[in-house]
Structures are given as C-alpha cells and as structure tokens.
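The chain contents come next:
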Amino acid sequence: MQRREALKQTALFGVATALFPSLLQSCKETSRLNWQPQFLSVKHAELVSSLVDTLLPKTETPGALEMKVDMFIDLVYGKLNGEAGQETMDKGMDDFDARCKEKFGDRFADLSPENKAEFLKMEEANSPKFNGSIWGTAAGKQEPVGFYRNLKSTALWGYFSSEEIGLKVLTYDPVPGPYQGCIPLAEVGNTYSL
C-alpha cells in the first residue's frame, strides 16, 4: 500500500470515528435547555420550551423561543402564582408528561415533531375551554381549564405582548397618535368614528 493511500484511509477512519457518536445522537431528538430557569425545574422548563416551540414555531414570523416566551412563562409561574398555584402547575406538567409517556413512551420534550403535534391535538380536544367573555369579563362561572389550556393562554399572552411582535408583525397604531395640526383632508380619507 502506498504511503499516501494509507494516510488517506487513516484520516477517513479518524473522521468517521469522531462523527459516529454524534450521528447516533442525532437519531433521537433530545431537549436541551439553553437558559437557566429562575423558578421552574429544568425538567419543567424543557417541557415549557418544547411546548411553546410546538405551539408557536418559527415560520416567516419569529417563533416563541425567539421571543423568549418560555422565559416569560418561567417568570409568570414564579412571580404571579402563589405556592398553591405553583404546586398545581407542577402537578399539571407532571400529569401532562405522564399522559405523553403513556401514549408515546417518552416525555413531550423528547418526542418527534409529528408525535408532538398529534399529542397536542389530543390535548386540545380533551382540555376544558375558557368561557366566552363580554367586555373582557368571563361569562358565567369559569371552571378550571387545566395545565395545557393555561400554558397555551400564557404563551399567546407572552408572544403577542412582546415588543418585536407588537411593532413588526402586528399592525401598530399608537394611541394617541402623533399630532398633525394641518394636513389635507384627502390624506385623512374618511371621517373617523369612535
């Protein structure tokens, strides 16, 4: 064997040996948290991150993880819930993952995107819903809606109240608008009603 060929084969073997473990790891999705939760446990923070990323993925608009919705939920969880509220949410997260393991054999954060979507469809169908509201007040007595519905509601709140979504994705019309004392009526268009 020529010396040059032997060196080439040795180099290829070294590269293959180095890549093999990472190839095996890439076969299974695993959740990695890239932030330090302040109130949630790491296991629960991974669930929240995975859930909000599935509910509000990155498309042509930013995703929930880019808007740090998971970190927002961590703060809401810790600062707005009392001890009893935190225990209820912890139990809800544990029950959610237990149902997921029963159905797919793994926790939600480690499921494939297809299984995550299927599981969320089931949760959406089986979770109690919020009552309708009149002028922002819930109509009738609101029964508890459970972990999934509460988390989804909080995720939407965090996402749509983020500055970037408010300024760049939604139509932003600040009230009161800028004062323009003298503009032609043609630029205004029709008369505004209140």
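For the protein chain, the name recorded in an unreviewed UniProt entry is Multidrug ABC transporter permease, with Arcticibacterium luteifluviistationis as its organism.

J.: Honestly, the environment of Phe39 in this entry has me stumped. Any pointers?
T.: With respect to the element layout, Phe39 can be found in the loop between helix H1 (3-26) and helix H2 (42-55). Residues contacting Phe39, with those up to four places away along its chain left out, are Asp74, Leu75, Tyr77, Gly78 and Lys79.

J.: In this structure, what is going on with the side chain of Glu123? I would like to understand it.
T.: Relative to the assigned elements, Glu123 resides in helix H5 (residues 113-126). Among the residues examined, Glu123 registers a relative accessible area of 7% and is labelled buried. Residues within four places of Glu123 in sequence aside, it is in contact with Phe96, Arg99 and Tyr148.

J.: How should I be thinking about the nonpolar core in this particular structure?
T.: Here is a general trend for soluble globular proteins: nonpolar side chains tend to be buried in one another's company. In this structure, Phe96 and Phe108 are the most contacted members of the largest nonpolar core, which totals 27 residues. Those elements giving two or more residues to this core turn out to be H2, helix H3 (69-80), helix H4 (83-104), H5 and helix H6 (146-160).

Each value, and the rule that gives it
Residues numbered from 1 in each chain as written. Predicted model: local features only at pLDDT ≥ 70, side-chain atom pairs only at ≥ 80, totals over all residues. Heavy atoms only, no water. Helix = DSSP H or I, 4+ residues; strand = E, 2+ residues; numbered from the N terminus. Contact = heavy atoms within 4.5 Å. Buried < 20%, exposed > 50% of the residue type's maximum accessible area, 1.4 Å probe, protein only. Core = buried A, V, L, I, M, F, W, Y, C linked by side-chain atoms within 4.5 Å.

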